[in-house]
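Coordinates in review
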Amino acid sequence: QVQLVESGGGLVQPGGSLRLSCAASGITFKFYVMNWYRQAPGKQRELVASVTYSGTTSNTDSVKGRFTISRDNAKNTVYLQMNSLKPEDTAVYYCNAHRNSPIYDIWGRGTQVTVSA
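Each chain carries its own residue numbering, running from 1 in the written order of its sequence. Only residues with pLDDT of 70 or above have their local features reported here, since the model is predicted, and side-chain atom pairs are shown and tallied only from 80 upward, although totals for entire chains, interfaces and linings are computed over all residues. Side-chain calculation: all heavy atoms of the structure are included, whereas hydrogens and water are not.

1. Details of the overall build of the chain
- Each helix corresponds to a stretch of at least 4 residues labelled H or I by DSSP, and each strand to a stretch of at least 2 residues labelled E; elements are numbered beginning at the N terminus. Looking only at helices and strands, the chain has zero helices and 11 strands in total.
- Reading the helices (α) and strands (β) of the chain from amino to carboxyl end gives β-β-β-β-β-β-β-β-β-β-β.
- We compute the radius of gyration from the C-alpha atoms alone; for a globule the expected value is 2.2 Å times N to the 0.38, where N is the number of residues. Taking 117 residues into account, the globule formula puts the C-alpha radius of gyration at 13 Å, and the chain, at 14 Å, falls close to it.
- The principal-axis extent of the C-alpha atoms belonging to the chain is close to 45 × 25 × 25 Å.
- With 117 residues in all, the chain has 38% of them scored as buried.
- Across the chain, every contact between residues at least 6 apart in sequence was considered, and the portion connecting residues at least 24 apart equals 54%. Relative accessible area decides the class of each residue, using a 1.4 Å probe on protein chains only: under 20% of the type maximum gives buried, over 50% gives exposed, and in between gives partly exposed. Contact definition: two residues touch when any of their heavy atoms are within 4.5 Å.

2. Some details on the packing of aromatic side chains
- Note on aromatic pairs: the rings of Phe, Tyr and Trp (six-membered ring only in Trp) are paired at centre separations within 6.5 Å, and the planes decide the class, stacked below 30 degrees, edge-to-face beyond 60, tilted for the rest. Using the criterion set out here, one finds two aromatic pairs in the structure.
- Note that Arg 19 overlies the ring of Tyr 79, its terminal NZ or CZ placed 4.0 Å from the centroid.
- Geometrically, a lysine NZ or arginine CZ counts as sitting over a ring once it is within 6 Å of the ring centre and also within 35 degrees of the ring normal. One cation-aromatic arrangement involves Arg 45 over Trp 107; the distance from NZ or CZ to the ring centre is 4.7 Å.

3. Some words on the pairing of strand β7 (residues 67-72)
- Here β7 shows a clear split, with Phe 67, Ile 69 and Arg 71 buried on one side and none of Thr 68, Ser 70 and Asp 72 buried on the other.
- Sheet topology note: the β7/strand β8 (residues 77-82) ladder contains six bridges and is antiparallel. From the neighbouring strand, Phe 67 faces β8, where its bridge partner is Met 82.
- Counting the residues that bridge the hairpin from β7 to β8 gives four residues, and of these Asn 76 lies at a positive phi of roughly 55°. A pair of strands is labelled paired if DSSP reports no fewer than 2 bridges between them.

4. As for the environment of Val 78
- On the secondary structure map, Val 78 appears in strand β8.
- Expressed as a C-alpha distance, the spacing of Val 78 and Glu 6, which sit 72 residues apart in the sequence, is 9.3 Å.
- If near-sequence neighbours (up to four positions away) are discounted, Val 78 is found in contact with Leu 20, Ser 21, Cys 22, Phe 29, Met 34, Trp 36, Val 51, Ile 69, Ser 70, Arg 71 and Cys 95.

5. A short note on the state of the cysteines
- Count a disulfide wherever a pair of cysteine sulfur atoms falls within 2.5 Å. Within the structure shown, the criterion is met by one disulfide.
- The side chain of Cys 22 participates in a disulfide bridge whose partner is Cys 95; the two sulfur atoms lie 2.1 Å from each other. With the S-S bond torsion at -80°, the cross-link from Cys 22 to Cys 95 turns out left-handed. Of this pair, Cys 22 sits in strand β3 (residues 18-25) while Cys 95 sits in strand β9 (residues 91-100), and the two are 73 residues apart along the sequence.
- Relative accessible area serves as the criterion here: at 0%, Cys 22 is assigned to the buried category.
- A relative accessible area of 0% places Cys 95 in the buried class.

By themselves, these observations are geometric and do not establish any function.
Shown next as structure tokens:
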């Protein structure tokens, strides 16, 4: 069964940290770029961070220096370490696996991250 399962969300105070995990199953993990997206209430889903099989990463500007994406290819798992969290980071965070040839996307169900005092 092809699926992505996220975990690690929750409620945290401003300035705190969380680590999200996403476990993939049913796919050949090395063929996929792994991404974290987020969607805040009333806003469009946005790409937060990406990591290729070889470990090349990219982050959106708003999280640079605070969030780190990584993957463990042996465990078919991708992580998002989030530090110095801000209230504006509050959103549902989605794991995505993207393949270019052929184009194919898989989505997790999302995990809620709430940053509030």
